[in-house]
Amino acid sequence: MDKTMLKEQVEIIRQAFGYINQFKGETFVIKLEGSLIAHHLFPLLIRDLVLLHRMGINVILVPGARDRINEVLKKYAIKCRTVNGVRVSPPEAIPLIKMAAFDVTNKIMTMLAENGANGVIGNWVRAKSIGVRNGVDFQCSGLVEKVQIDIVNKVLGEGLIPIFPTIGWSAKGRPYNLSSSEIAFSISVELNAAKLFFIADRPGVTAQGYKIPKEVYVSSDGVVSQLTKAQAGEFLDLNARDSYDEQLDLVAYAYRACKGGVQRVHVIDGRVEGMLLKEIFSNRGFGTMIYANQHDNIRPMVMGDVPEVLRLMQPSIEEGVLVHRTETDLAEYIDNYAVYEVDGTIHACAALQVYSGRQAEIAGMVVDETYSNLGIGKRMVSYLIEQATAKKLKAVFVLTTQTSDWFSHMGFSQGKIADLPPERRKNYNRKRNPLILRYKLSRHRTKGSLRVE
Ligand code: ARG
């Protein structure tokens, strides 16, 4: 195995250890899109869910039944219309809808058994009727009124996996057809789950056709990797529309779940093998995460970070892009450095070296390749500029052979050797001949004044 590959794999294993500690004993509510059940990789997904359960995560499953209900209703030639993504369920369809919903849960239970895990299907959701909305009578389609969490907790306490059919019952025992997304959302909030998953037949939250809030980055495959709770709210406001939209529906549930106390909501693609494990156990994930708790931040470097920062710098040093630095160098200049940390792992670093004449150099900047094109470099530079402003400096500069365009784009302008502080001028490497890019700091400049990429 080549060294880079080994390094990458070891890196993922380290990240996984961190998450195992973090998530053990937590509750994950997982909605499984019904259409996935027929997918050839679905048994592997169930196997992965059982692994999570064995690891000590409280797994709760809510399989969607839309496709199965359609199939059954078609067979019995019952037509139901859908209004705003909600099926109008006439009373005569209810026995068939119930049958289809339980078909799906039974199937999941059998698959759990095949993997040596025990599931329990229950009637733990109290429902109420949607009633008549905008002149449409939704008949036996309902809304979640309450989840009987005491029973669900008991089931979890017994080491069983609760499986929720998409049916709820009124206080009098009348069955209603419910949305699996709403059920999963309600359970996650009522149980104060750490995570809610929408395992879907889509690659996550995609950008095409939607307005994306500023500061939100879209990966090269068009997927929004993460949204804070506030950004999710902004995404919904920017894209508000009258007609039903499945993606907006999911983001709205995610947003409400975060507001209701769920820490992280994930929308991931159930058609890709291993995506669930990748999303849970790696920093970068695979799909979209909408989150309410701290995930990443930029902070000053501390001694304990030094080995990780050296590891991060190594490839750039080998490539000759970065000057060689030792542990002692980093320790000596520790106060100059800032790091970008994601759930306890460092993925970027940069330093601010102050010189005479109230000038400072931005140096030693590295962004881990897995985090490139996500605006991390810009966040690091903004952070250092804020530091420089707080120190009442006049200007920051950077010497670069490769990234001058990037800095120009952020508002840096080209400077001359004569602009450098004398002690830096002395060390200027004429053979390497890097460009000098400067950014003047005005006393009135405040946070966020850096030009947007
Ligand atoms: N593994 C972490 C978690 O499960 C982070 C996942 C980040 N995912 C993303 N799509 N950005 O909480």
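Above this text is the structure in question.
In this report, we go over the structure that sits alongside the text. Small disclaimer: the values here were computed from a predicted structure and weren't measured.

The next subject is the packing of aromatic side chains. Evaluated as defined, the whole model comprises 13 aromatic pairs. With 5.1 Å between their ring centres and 65° between their planes, Trp124 and Phe164 make a pair best called edge-to-face. Of this pair, Trp124 sits in the loop between β5 (119–121) and β6 (125–129) while Phe164 sits in the loop between β10 (161–163) and β11 (167–169), and the two are 40 residues apart along the sequence. In this structure, Trp124 and Phe164 share a single accessibility class: buried. Every member of this aromatic cluster is reached through a ring pair, and the members are Tyr19, Phe23, Phe28 and Phe197.

Once that is clear, we can look at the sheet that holds strand β21 (residues 395–400). In sheet architecture, strand pairing relies on hydrogen bonds along the backbone and comes in two forms, parallel and antiparallel. Pairing within the open sheet is mixed, and its 7 strands lie in the order β17-β18-β19-β20-β21-β23-β22. The open sheet is flanked by β17 (296–300) and β22 (413–415), the only strands paired with a single partner. Across the sheet, the axes of successive neighbouring strands diverge by a mean angle of 30°, strand direction being ignored. For β21 and strand β23 (residues 435–440), the ladder comprises 6 bridges, and the chain directions are antiparallel. Pairing of Ala395 across the sheet is with Lys440, part of β23.

A word on the site of the ligand. What surrounds the ligand is a group of 18 residues, the closest being Lys195, Arg264, Glu279, Ile280 and Ser282. A distance of 2.8 Å is found between a nitrogen atom of the ligand and a backbone nitrogen or oxygen belonging to Ile280. For the ligand, whose free accessible area comes to 340 Å², the fraction covered by protein is 100%. Looking at the shell around the ligand, the elements with two or more residues in it are α1 (3–23), β15 (264–269), α9 (275–281) and β16 (288–291). For the shell around the ligand, a count of residues per class yields 4 nonpolar, 9 polar and 5 charged.

Conventions and cut-offs
Residues numbered from 1 in each chain as written. Predicted model: local features only at pLDDT ≥ 70, side-chain atom pairs only at ≥ 80, totals over all residues. Heavy atoms only, no water. Phe/Tyr/Trp six-rings, centres within 6.5 Å; stacked < 30°, edge-to-face > 60°. Helix = DSSP H or I, 4+ residues; strand = E, 2+ residues; numbered from the N terminus. Buried < 20%, exposed > 50% of the residue type's maximum accessible area, 1.4 Å probe, protein only. Pairing = 2+ DSSP bridges. Axes fitted to C-alpha atoms, helices over the stretch in contact; angles between N-to-C directions. Near = heavy atom within 4 Å. Polar contact = N/O pair within 3.5 Å; in protein donor to acceptor, adjacent residues only side chain to side chain. Areas by Shrake-Rupley, 256 points an atom, 1.4 Å probe, with all protein chains shown as cover. Nonpolar A, V, L, I, M, F, W, Y, C, P; charged D, E, K, R; others polar.

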